[in-house]
Amino acid sequence: MEKGVVLKKGLFVTVEGGEGAGKSTCLDYVKQLLEQKGINAVFTREPGGTEIGEDVRSILLNKKYLGMSADTELLLMFAARAEHIDKKILPNLSDGKWVISDRFTDATYAYQGAGREIGPERVALIEDWVQGELRPDMTLLLDLPVEVGMERATKRGELDRFEVEQMSFFERVAAIYRQRAQAEPQRFRVVDASKVITEVHEQIKSIFEAKFSELGI
Ligand SMILES: Nc1ncnc2c1ncn2[C@@H]1O[C@H](COP(=O)(O)OP(=O)(O)OP(=O)(O)O)[C@@H](O)[C@H]1O
Ligand SMILES: [Mg+2]
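Residues numbered from 1 in each chain as written. Chains lettered and ligands numbered in written order. Predicted model: local features only at pLDDT ≥ 70, side-chain atom pairs only at ≥ 80, totals over all residues. Heavy atoms only, no water.

Caption draft 1: Examining the site of ligand 1 more closely. Residues in contact with ligand 1 amount to 17 residues; listed here are only the nearest, Lys23, Ser24, Thr25, Arg156 and Lys195. Taking Ala21, its main chain carries an N or O atom lying 3.2 Å from an oxygen atom of ligand 1. Within the side chain of Ser24, a nitrogen or oxygen atom sits 2.8 Å from an oxygen atom of ligand 1. Contact with the protein chains covers 73% of the free accessible surface of ligand 1, which is 630 Å². (Near = heavy atom within 4 Å. Polar contact = N/O pair within 3.5 Å; in protein donor to acceptor, adjacent residues only side chain to side chain. Areas by Shrake-Rupley, 256 points an atom, 1.4 Å probe, with all protein chains shown as cover.)

Rendered as structure tokens:
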């Protein structure tokens, strides 16, 4: 698919947030909301979402590669993303389907840009190169204190290559997510993910109801 020419008919929605913020839990609920509304949607994730992307994901999360250079990490993220955009995101959007992705480029600004301290400028350069003009239409940020997220993630099972990082790494990640949400209020919807699941669902429901009414559906 040609870059820069984005024939989008569906809506591109991304869900962001730190470890254990509740992204997967939230996406199960979004699936129900869209089904009830009769919206044809494809659910996917990053890094991953394609056969090559999932293989790249396994390299990225593997603790065998704890010493991976920050640039390698950044480029692998975007290599997986290039495949994802080409093979899944754009074809489905131009088919009129909604594409809902568990993480996208905001995560790269947060984890590689801030966490790994590469800085936003270099992320932005590759973002433009890989994505052309493709950006999410709406991004849900599941915001919660870093310790709470880590506690949830730890309870769930073995930690991956990112989850074993220091608290300061996750604080930088959380700060950039919040900063990006503030800078682009028209795209971001911030969800207070520290609430109990039923209350998180209520917040998500009103975000989607507002979006449906904005779109006249
Ligand atoms: N609002 C909530 N309150 C309490 N526990 C929650 C809440 N939301 C999710 N959880 C629990 O926290 C854990 C992490 O949730 P989930 O897997 O949805 O997070 P995630 O953001 O997808 O994590 P990851 O970044 O690792 O993919 C799960 O055990 C889930 O049941
Ligand atoms: Mg998850």
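Still more to cover.
Caption draft 2: Layout of the pairing of strand S2 (residues 41-45). Side-chain alternation along S2 places Val42 and Thr44 on a buried face and Ala41, Phe43 and Arg45 on a face that remains uncovered. The pairing of S2 with strand S3 (residues 98-102) spans five bridges and is parallel. Paired with Val42 across the bridge in S3 is Val99. (Buried < 20%, exposed > 50% of the residue type's maximum accessible area, 1.4 Å probe, protein only. Helix = DSSP H or I, 4+ residues; strand = E, 2+ residues; numbered from the N terminus. Pairing = 2+ DSSP bridges.)

Caption draft 3: The packing of helix H3 (residues 70-94) against helix H4 (residues 105-115), seen in detail. Between H3 and H4, whose axes approach to 11 Å, the crossing angle comes to 175 degrees. With respect to H4, the element H3 is oriented roughly antiparallel. Side by side, H3 and H4 meet where Glu73, Leu74, Met77, Phe78 and Arg81 of the first sit next to Thr105, Thr108 and Gln112 of the second. Within the contact of H3 with H4, the residues separate by chemical class into three nonpolar, three polar and two charged. (Axes fitted to C-alpha atoms, helices over the stretch in contact; angles between N-to-C directions. Parallel < 35°, antiparallel > 145°, perpendicular 65-115°, else oblique. Contact = heavy atoms within 4.5 Å. Nonpolar A, V, L, I, M, F, W, Y, C, P; charged D, E, K, R; others polar.)

Caption draft 4: Fine view of the nonpolar core. Counting 36 residues, the largest nonpolar core has Phe12, Ile85, Ile89, Tyr111, Leu134 and Tyr177 as its most contacted members. Elements with a minimum of two residues in this core: helix H2 (51-61), H3, H4, helix H5 (120-131), helix H6 (146-156) and helix H7 (167-183). At eight residues, the largest contribution of residues to this core is made by H3. Once residues lying within four places of it in the same chain are set aside, the contact partners of Tyr111 are Gly17, Gly18, Glu19, Arg103, Arg116, Phe162, Phe169, Val173 and Tyr177. Core analysis: the next-biggest nonpolar cluster, separate from the first, contains 24 residues, Ala21, Leu27, Tyr29 and Val200 among them. (Core = buried A, V, L, I, M, F, W, Y, C linked by side-chain atoms within 4.5 Å.)

Caption draft 5: Local environment of the packing of aromatic side chains. What the rule picks out here adds up to seven aromatic pairs. Centre to centre, the rings of Tyr111 and Tyr177 are 6.5 Å apart; their planes meet at 75 degrees, and the pair counts as edge-to-face. Residue Tyr111 is located in helix H4, and its partner Tyr177 is located in helix H7; the two are separated by 66 residues in the primary sequence. On the basis of relative accessible area, Tyr111 is assigned to the buried category, the value being 5%. Classification of Tyr177 by relative accessible area gives buried; the value is 2%. Taken together, the ring pairs connect Tyr111, Phe162, Phe169, Phe170 and Tyr177 into an aromatic cluster. The ring of Phe104 has Arg81 lying over it, and the distance from NZ or CZ to the ring centre is 5.1 Å. (Phe/Tyr/Trp six-rings, centres within 6.5 Å; stacked < 30°, edge-to-face > 60°. Lys NZ or Arg CZ within 6 Å of the ring centre and 35° of its normal.)

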